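Tertiary structure, described
Residues per chain, in single letters:
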Amino acid sequence: MDASVDAATPEPAFELLAPDEQTKPLVLASPHSGNRYPAEFLAAARLDPRALRKSEDCFVDEIFAGAPALGIPLIRALFPRAFLDVNREAYELDPEMFADPLPPYVNTRSPRVAAGLGTIARVVANGEDIYRGKLRFSEAVRRVEQCYTPYHTALRRLIEDTRARFGHAVLIDCHSMPSPGLGDRDNRRSDIVLGDCFGNSCAPSVTETAERFLRGLGYTVSRNAPYAGGYTTRHYGRPRQGIHVLQIEISRDLYMDEATLSRLPFLTVLTRHMHEMVDNIAHLPPNPLAPR
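Cut-offs used in this document
Residues numbered from 1 in each chain as written. Predicted model: local features only at pLDDT ≥ 70, side-chain atom pairs only at ≥ 80, totals over all residues. Heavy atoms only, no water. Helix = DSSP H or I, 4+ residues; strand = E, 2+ residues; numbered from the N terminus. Rg over C-alpha atoms; globule rule 2.2 N^0.38 Å. Buried < 20%, exposed > 50% of the residue type's maximum accessible area, 1.4 Å probe, protein only. Contact = heavy atoms within 4.5 Å. Axes fitted to C-alpha atoms, helices over the stretch in contact; angles between N-to-C directions. Left-handed = near helix turned anticlockwise from the far one by under 90°. Nonpolar A, V, L, I, M, F, W, Y, C, P; charged D, E, K, R; others polar. Pairing = 2+ DSSP bridges. Phe/Tyr/Trp six-rings, centres within 6.5 Å; stacked < 30°, edge-to-face > 60°. pLDDT = per-residue confidence, 0-100. Core = buried A, V, L, I, M, F, W, Y, C linked by side-chain atoms within 4.5 Å.

When its secondary structure is counted, the protein chain shows 8 helices and 11 strands. Its C-alpha radius of gyration of 19 Å places the protein chain within 12% of the 19 Å reference for a compact globule of 292 residues. Structurally, the protein chain occupies a C-alpha span of about 55 × 45 × 35 Å along its principal axes. Out of the 292 residues belonging to the protein chain, those deemed buried represent 55%. Pairs at least 24 residues apart make up 81% of the contacts formed inside the protein chain by residues separated by at least 6 positions.

In structure tokens:
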């Protein structure tokens, strides 16, 4: 999968893969698999396209693309995470990245900003600086208006429509995580991390069902460490209101060569397993998921 280059910010900002009829109370989202790189962004970057792609959740949208066949919609961002991260507040920004002062409403002190990974990231996943020079705040506003707002407007509508139709909604926010890189596989961290904000973003049965199924297939699974859930999980997860959000992080070395960004044969198997996991969650009894 090669990155594509657009002359301007990609339009539309997202793609919705919808079933002919939604028959399950689930929504899937892939916010970091986009690979349409605006030409002006590449021109402002000090890194080449391959280095920028280290922040992508490569192939995650492909892994979960079978959702519509289960009667479940999947929304995927088309712009890259290095350009704008929708799993953040709208304005989590590092003031050192900008030539002009930032308005008071901008969150400049979050842990994500401190790590260089705000709404507009300062660094890619391996810690290299992205930009040659400073940005203008007007550029941040443009990206938020053209990418962030449309994506979250659509995601919010999917969640609300699902809850209205079924009485509750379950959102699975789909991600990948870089592998540790060195060391024997037996000493590596978990294959999959399930994040439910330490039980606050979804009913226990959602996390338990996913964990039980994945462990049964032989995956090493952990909860909330090192990823407990990002903005999407925290912001939309309202179990008492019948909205449940589970974040899933899949180790990239399971299914791709992280150096060449190419598929490994296990991608096909992993895709089938994720399809089956989603189907298991879709068939949870509604009582524990209903608003309380």
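Running from N to C, helix 6 (residues 204-216) and helix 8 (residues 266-282) point in directions that differ by 145 degrees, and their axes come no closer than 9 Å. Seen along the crossing, helix 6 lies across helix 8 with a hand that is right-handed. Across from Val206, Thr209, Ala210, Phe213 and Leu214 in helix 6, the residues of helix 8 making contact are His273, Met274, Glu276, Met277, Asn280 and Ile281. Partitioning the contact of helix 6 with helix 8 into residue classes produces 7 nonpolar, 3 polar and 1 charged.

Quick look at the sheet that holds strand 5 (residues 74-77) now. Ordered by their spatial adjacency, 7 strands build an open sheet running 2-5-3-6-9-7-8, and the pairing between neighbours is mixed. Whereas interior strands pair on both sides, the edge strands pair on one side only; in this sheet they are strand 2 (14-17) and strand 8 (221-223). Direction aside, the axes of adjacent strands within the sheet are offset by 20 degrees on average. With 4 bridges connecting them, strand 3 (residues 26-30) and strand 6 (residues 169-177) associate as parallel partners. Pairing of Leu28 across the sheet is with Ile172, part of strand 6. Packing of helix 5 (residues 137-166) onto the sheet brings it into contact with strand 2, strand 3, strand 5, strand 6 and strand 9 (243-251), and relative to strand 3 it is tilted by some 165 degrees.

Tracing the backbone shows Ala99 in the loop between strand 5 and helix 4 (111-114). The residues touching Ala99, leaving out its near neighbours within four places in the chain, are Lys134, Leu135 and Arg136.

Now for the packing of aromatic side chains. A complete count under the given rule lists 8 aromatic pairs for this structure. Both rings, one in Tyr91 and one in Phe137, keep their centres 5.8 Å apart while their planes meet at 45 degrees; by these two values the pair is tilted. With Tyr91 in the loop between strand 5 and helix 4 and Phe137 in helix 5, this residue pair connects regions lying 46 residues apart in the sequence. For Phe137, a relative accessible area of 10% corresponds to the buried category. Here a set of aromatic residues connected by ring pairs shows up, and it is made of Tyr37, Phe41, Phe83 and Tyr131.

This paragraph deals with the side chain of Glu211. In this structure, Glu211 sits in helix 6. Assessed through its relative accessible area of 13%, Glu211 is described here as buried. Dropping the residues within four chain positions of it, Glu211 is found in contact with Leu194, Val221 and Arg223.

As a further point, take the confidence of the model for the protein chain. Per-chain confidence: the protein chain averages 94 in pLDDT, with 94% of residues scoring 70 or above. Here residues 182-186 is a poorly scored stretch, pLDDT under 50, and it has 2 contacts once near neighbours within four places are set aside; other chains count.

Attention now goes to the nonpolar core. Ranked by size, the top nonpolar core spans 46 residues in total, and within it Phe41, Leu52, Leu93, Ile130 and Leu155 carry the most contacts. At the level of secondary structure, the elements contributing two or more residues to this core comprise strand 3, helix 1 (39-44), helix 2 (49-52), strand 5, helix 5, strand 6, helix 7 (231-236) and strand 9. Ranked by residue count, the leading element in this core is helix 5, at 11 residues. Apart from the residues within four sequence positions on either side, Leu52 is in contact with Tyr37, Phe41, Leu42, Ala45, Leu47, Ala82, Val124 and Ile130. Counting residues in each nonpolar core, the second largest holds 41 residues, with Tyr255, Met256, Leu267 and Leu284 among its members.

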